[in-house]
Amino acid sequence: MAENADDARVTAQYEALPYPARDPADEAKRLILGAPSHLFELNHYVFAGGRDFRLPFRALVAGGGTGDGLIMLAQQLADLGTPSEVTYLDVSTAARRVAEARAKARELTNIRFLSGSLLDLAALAPGPYDYIDCCGVLHHLADPAGGLVALAGELAPAGGMGLMLYGRLGRTGVYETQAALRRLAPETLPVAERIATARRLLKALPATNWLRRNPFVADHLDGGEAGLHDLLLHARDRAYDVAELAALVEGAGLAIAAFIAPARYDPASYVADPTLRRQFQGLAWLERSAMAERLAGNIRKHVVYAVPKARAGLAVAKVDSPATVPLFRQGDGPRWVETARKGSVTADLDGVKLTLPLPRLAAAIVARIDGRRSLAVIHADLQSANPRLGWDIFKAEFDALYAALNAINELLLRVPSEL
Ligand SMILES: C[S@@+](CC[C@H](N)C(=O)[O-])C[C@H]1O[C@@H](n2cnc3c(N)ncnc32)[C@H](O)[C@@H]1O
C-alpha cells in the first residue's frame, strides 16, 4: 500500500523516538506484564479459557514497537512450552532493533521479526493467526477502520484480537494542547526544539487548562522525551469513546468480547445511589459500558478483546463446570489470603477507590488457587474439613469471589483440554 505524507511523518516519528523507550538490559530484572495479550487473559477472553496450548499457536503483534506486548506473549508461550510463533511487524526499524535486543536478552527463539505496515499484512505475513495484538497503533493510522479490516482478514475464525485504543474523555486537554503546539512548534522544526517548546508550554499552562487538570495522562508525561512527544507532538492520533470503538470493531466483522478491566466499564463502580444503579441494570451491556466511561471520565485507554462476530457471546470463559481451573493473573492465590481475610478487596481505578465485598470462604478458596487445581478439587479439599459444604454452597461462594476479583482483572479461568 502506498505511503502518504502523513504516514511518512508517523514512521519518521517512531524512527526518531521509538516508543515506549526501553532498555534491553532491563530484561534481566523483570518481565513487563500488561494488557492486552497476557496469555492467561487472552485465553480467558478469546478462547473461553479452553485453548489447548499443546497445539501450535500463531500470534501477530501488529505495530509491536519496542516490544512490550511481544516480549510478554513470546515469553509466556515459551514458558508454557507451547509450539509457537509470534510475528512482530512494525514500520519503525529503530523500534524493531530495541524489540530484537530484548528478545535476544531473553534468548527467545519463537519470534519472527518483520518490517512494514500492517496495511500490507496479507502480502507481508499472511495468516491465519490464532491471536492478533494491536496495542496503541490503529489510532495513529489515516484509516483505523481499514487497518482493523486488514488485521481481521488474517485472523483465524476461532481466533481473536487484543486491542488498545485511546479513550476520548480520559485524554481531555491532549488534543487542544497538540493543536497549540502545531502552531508554536511546527513539524518543520528539529525534534529537540519542538520538545523544548512543549516542555516550556507545559510549565506555563494556567491552572484552568484541561491538560494541566488531567492527571490521567501522566504515564506519557513521565515517559521521557519519547513519552512527551507521543502525547503532545504526535504526527497523527485520535481517540475513541465506547460507541465509536464498538462501531470500529463491528465494521471489521468483529465483536467486543470484553473491556479490561471489567469494573472500569460498570457504572456501579462509580455510583452508589441505589435508584441510579437499578437504572444502570436496565441498560444493554454496551450502553452500560458507555455510561461507565461517561461517569468515570478517567478512561484514557480502552483495552478490549474482540472476536469474529460469529463467536460473540462464546469467547469469554464462564464458571460453568467443576473442571474449570481458576488462576490469578499475576501469580498464586496465597498472596491473596491476607486480603481475603479482610472480607473485601479494594482497587484504585485511576483515582476512584473501589471496594468490593468478598464471601466468607474467600481466604480458604484463594489459598488453594494455584492455576492447576480445578473447582472440583478445591471443593473436595474444603469438604474434607467440612463435610457439610455441598457443591452449591461452595459454588455460590466461588461465584461471589470471582465476581469481585475478575472485575478488577485479577482472577481468570481456564478449562483444561481433555488428554
Ligand atoms: C505507540 S507505539 C505502540 C507500540 C506497542 N504496540 C506497545 O504497545 O508498546 C505505536 C507503534 O505503531 C507503529 N506503527 C504505526 N503505524 C504502523 C503501521 N501502519 N504498521 C505497523 N506499525 C505501525 C509505530 O512505528 C510504533 O512503533
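Residues numbered from 1 in each chain as written. Predicted model: local features only at pLDDT ≥ 70, side-chain atom pairs only at ≥ 80, totals over all residues. Heavy atoms only, no water.

Caption draft 1: Molecular detail of the overall build of the protein. Assigned secondary structure in the protein consists of 17 helices and 11 strands. For the protein, whose C-alpha radius of gyration is 22 Å, the value lies close to the compact-globule estimate of 22 Å for 419 residues. Each principal axis of the C-alpha distribution contributes one length, and for the protein these read about 75 × 50 × 40 Å. Taken over 419 residues, the protein has a buried fraction of 52%. Long-range pairs, those at least 24 residues apart, make up 79% of the contacts in the protein with a sequence separation of at least 6. (Helix = DSSP H or I, 4+ residues; strand = E, 2+ residues; numbered from the N terminus. Rg over C-alpha atoms; globule rule 2.2 N^0.38 Å. Buried < 20%, exposed > 50% of the residue type's maximum accessible area, 1.4 Å probe, protein only. Contact = heavy atoms within 4.5 Å.)

Caption draft 2: Representation of the packing of aromatic side chains. Evaluation of the coordinates by the stated rule reveals 9 aromatic pairs. Taking the centre distance of 5.6 Å and the plane angle of 45 degrees together, the rings of Trp391 and Phe394 count as tilted. Placement of the pair is Trp391 and Phe394 together in helix H17 (residues 391-407), with a separation of 3 residues, close to one helical turn. Assessed through its relative accessible area of 27%, Trp391 is described here as partly exposed. Given a relative accessible area of 0%, Phe394 falls into the buried group. Here Phe398 and Tyr402 contribute two aromatic rings whose centre-to-centre distance is 6.1 Å and whose plane-to-plane angle is 20 degrees, an arrangement assigned as stacked. Here Tyr402 and Phe398 lie together in helix H17, a separation of 4 residues that amounts to about one turn. For Phe398, a relative accessible area of 0% gives the class buried. (Phe/Tyr/Trp six-rings, centres within 6.5 Å; stacked < 30°, edge-to-face > 60°.)

Caption draft 3: Highlighting the site of the ligand. Taken together, the neighbourhood of the ligand is formed by 16 residues, with Gly63, Asp90, Ser117, Leu118 and Cys135 sitting nearest. Within the backbone of Leu118, one N or O atom sits 2.9 Å away from a nitrogen atom of the ligand. For the ligand, the protein covers 93% of the area, taking 600 Å² as the surface of the free molecule. Residue composition of the shell around the ligand, grouped by class: 8 nonpolar, 7 polar and 1 charged. (Near = heavy atom within 4 Å. Polar contact = N/O pair within 3.5 Å; in protein donor to acceptor, adjacent residues only side chain to side chain. Areas by Shrake-Rupley, 256 points an atom, 1.4 Å probe, with all protein chains shown as cover. Nonpolar A, V, L, I, M, F, W, Y, C, P; charged D, E, K, R; others polar.)

Caption draft 4: How the structure looks around the nonpolar core. Ranked by size, the top nonpolar core spans 38 residues in total, and within it Ile365, Phe398, Leu401 and Leu405 carry the most contacts. At the level of secondary structure, the elements contributing two or more residues to this core comprise helix H13 (285-296), helix H14 (337-341), strand S9 (344-349), strand S10 (352-357), helix H15 (362-366), helix H16 (375-385), H17 and strand S11 (411-414). Ranked by residue count, the leading element in this core is H17, at 7 residues. In terms of domain composition, this core takes at least three residues from each of domain 1 (5-166 + 240-311) and domain 3 (325-414). Among residues more than four places away in sequence, those in contact with Leu405 are Phe328, Trp336, Val345, Leu358, Val366, Glu410 and Leu411. (Core = buried A, V, L, I, M, F, W, Y, C linked by side-chain atoms within 4.5 Å. Domains from an automatic or database assignment.)

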